[in-house]
Amino acid sequence: MEKFETITGVAAPMPLVNIDTDMIIPKVFLKSIKRTGFGVNLFDEMRYNRDGSEIPDFVLNKPAYRNAEIIVAGDNFGCGSSREHAPWAIKDFGVRCVISTSFADIFFNNCFKNGILPIVLPQDQVDALMKDAEKGENARMTVDLVNQEITSSDGEKFSFEVDAFKKHCLIEGLDDIGLTMAKEASIDTFEAEAGALRPWV
């Protein structure tokens, strides 16, 4: 998993509340268990017309936000079904951080397991960052996980809380498999000792 320490990038404003996982990646695209290839269909029904052409007014289709690495979102982001394809699509598009007042619990935890930092802030702070994001591609935010701080394009700083273990995993680039493999030496020792004690197993 890609490590996350600090990113500086364009933030896309998405003030819509209750953006659910079917809006993030519609169920018709859940045909693979690979973590890549879903970015093109991120927010598919909001990004494209039925003929496949782009909807110009959708934020990620606007020139200023095509390479957004941060989303500033409305309340209750990632609600709905628990599909892990939702963070896969967000990450594959290139977004590494989502900021909101609240997230659905399963989506929130899935983000950490896929290299995405979900940040919960009070409404007034999200509103301030939303306004900053609306300035376009010249308004670049910095998200510093190490110091747990967001810096807006005009230098205003916002502190955020994050679980210490989840922070460690993001900074070190450890998903569930990575956490297991970090214990490889201990696992090998246990297997060797267990094999010697119970050779019949």
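Let us look at the structure shown here.

Each value, and the rule that gives it
- Residues numbered from 1 in each chain as written.
- Predicted model: local features only at pLDDT ≥ 70, side-chain atom pairs only at ≥ 80, totals over all residues.
- Heavy atoms only, no water.
- Helix = DSSP H or I, 4+ residues; strand = E, 2+ residues; numbered from the N terminus.
- Buried < 20%, exposed > 50% of the residue type's maximum accessible area, 1.4 Å probe, protein only.
- Salt bridge = Lys/Arg side-chain N within 4 Å of Asp/Glu carboxyl O.
- Pairing = 2+ DSSP bridges.
- Axes fitted to C-alpha atoms, helices over the stretch in contact; angles between N-to-C directions.
- Contact = heavy atoms within 4.5 Å.
- Core = buried A, V, L, I, M, F, W, Y, C linked by side-chain atoms within 4.5 Å.
- Polar contact = N/O pair within 3.5 Å; in protein donor to acceptor, adjacent residues only side chain to side chain.
- Disulfide = S-S within 2.5 Å.
- Right-handed = clockwise from strand over helix to strand, strands pointing away.

### Observations regarding the side chain of serine 152
So, step 1. By secondary structure assignment, the location of serine 152 is in the loop between strand 6 (149-151) and strand 7 (157-159).
So, step 2. Among the residues examined, serine 152 registers a relative accessible area of 6% and is labelled buried.

### Digging into the pattern of salt bridges
So, step 1. Applying the stated criterion to the full structure yields six salt bridges.
So, step 2. A salt bridge links lysine 135 to aspartate 132, with the shortest nitrogen-to-oxygen separation between them at 3.2 Å.
So, step 3. Among the residues examined, aspartate 132 registers a relative accessible area of 3% and is labelled buried.
So, step 4. Here glutamate 149 and lysine 157 are joined by a salt bridge, their closest N and O atoms 3.8 Å apart.
So, step 5. When its relative accessible area of 24% is taken as the criterion, glutamate 149 is described as partly exposed.
So, step 6. The network of salt bridges with shared partners includes Glu2, Lys91 and Arg96.

### Brief notes about the sheet that holds strand 3 (residues 97-100)
So, step 1. One open sheet holds the seven strands; their spatial order is 4-3-2-1-5-6-7, and the pairing between them is mixed. Edge positions in the open sheet fall to strand 4 (117-120) and strand 7, since each of these has one partner strand only. With direction set aside, neighbouring strand axes in the sheet form an average angle of 25°.
So, step 2. In this sheet, strand 7 lies alongside strand 6 in antiparallel orientation, the contact comprising three bridges. Bridging from a neighbouring strand, glutamate 149 pairs with serine 159 of strand 7.
So, step 3. Against the sheet, helix 5 (residues 123-133) touches strand 1 (6-14), strand 2 (70-73), strand 3, strand 5 (140-144), strand 6 and strand 7, its axis set at about 125° to strand 2.

### A few points about the nonpolar core
So, step 1. Membership of the largest hydrophobic core comes to 30 residues, with the highest contact counts inside it found for Ile24, Phe43, Leu60, Phe77 and Phe107.
So, step 2. Contributing elements (two or more residues each) for this core: strand 1, strand 2, helix 3 (85-93) and helix 4 (105-113).
So, step 3. No other element matches helix 3, which puts five residues into this core.
So, step 4. Beyond its immediate stretch of four places on either side in the chain, phenylalanine 77 contacts Ile19, Ile24, Phe43, Ile90, Val98, Ser100, Ser102, Phe103, Ala104 and Phe107.
So, step 5. Of all hydrophobic cores here, the second largest spans 24 residues; its members include Val126, Ala133, Leu145 and Phe160.

### Considering the environment of serine 32
So, step 1. The residue serine 32 is located in the loop between helix 1 (21-24) and helix 2 (44-47) in this model.
So, step 2. For serine 32, a relative accessible area of 27% gives the class partly exposed.
So, step 3. If near-sequence neighbours (up to four positions away) are discounted, serine 32 is found in contact with Phe38, His85 and Trp88.
So, step 4. In this structure the side chain of serine 32 is engaged in a polar contact, spanning 3.0 Å, whose partner is the backbone nitrogen of lysine 34.

### A closer look at the state of the cysteines
So, step 1. Applying the stated criterion across every chain yields a total of zero disulfides.
So, step 2. Unpaired in terms of disulfides, cysteine 79 finds its nearest cysteine sulfur in cysteine 111, a separation of 13 Å.
So, step 3. Cysteine cysteine 169 shares no disulfide, and the gap to the nearest cysteine sulfur, in cysteine 111, comes to 14 Å.
So, step 4. Look at cysteine 169 and you get buried, because its relative accessible area is 6%.

### Some points on helix 4
An α-helical turn contains 3.6 residues, so any two residues separated by three or four positions project in the same direction.
So, step 1. Within helix 4, the full set of buried residues consists of Phe107, Asn110, Cys111 and Phe112.
So, step 2. Packed against the buried residues of helix 4 are helix 1, helix 3, strand 4 and helix 6 (164-172).
So, step 3. Remark: glycine 115 follows helix 4 within two positions and exhibits a positive phi of approximately 80°.

### Observations concerning the pairing of strand 3
So, step 1. Burial along strand 3 is two-sided: Cys97 and Ile99 and Val98 and Ser100, pointing in opposite directions, are all buried.
So, step 2. Pairing of strand 2 with strand 3, which is carried by three bridges, proceeds in the parallel orientation. The residue of strand 3 that forms the bridge with isoleucine 70 is cysteine 97.
So, step 3. In this fold, strand 2 hands off to helix 3, which returns the chain to strand 3; that crossover is right-handed.
So, step 4. Both strand 3 and strand 4 contribute to a ladder of four bridges, which runs parallel. Residue cysteine 97 lies in a different strand from strand 4, and its bridge partner there is leucine 117.

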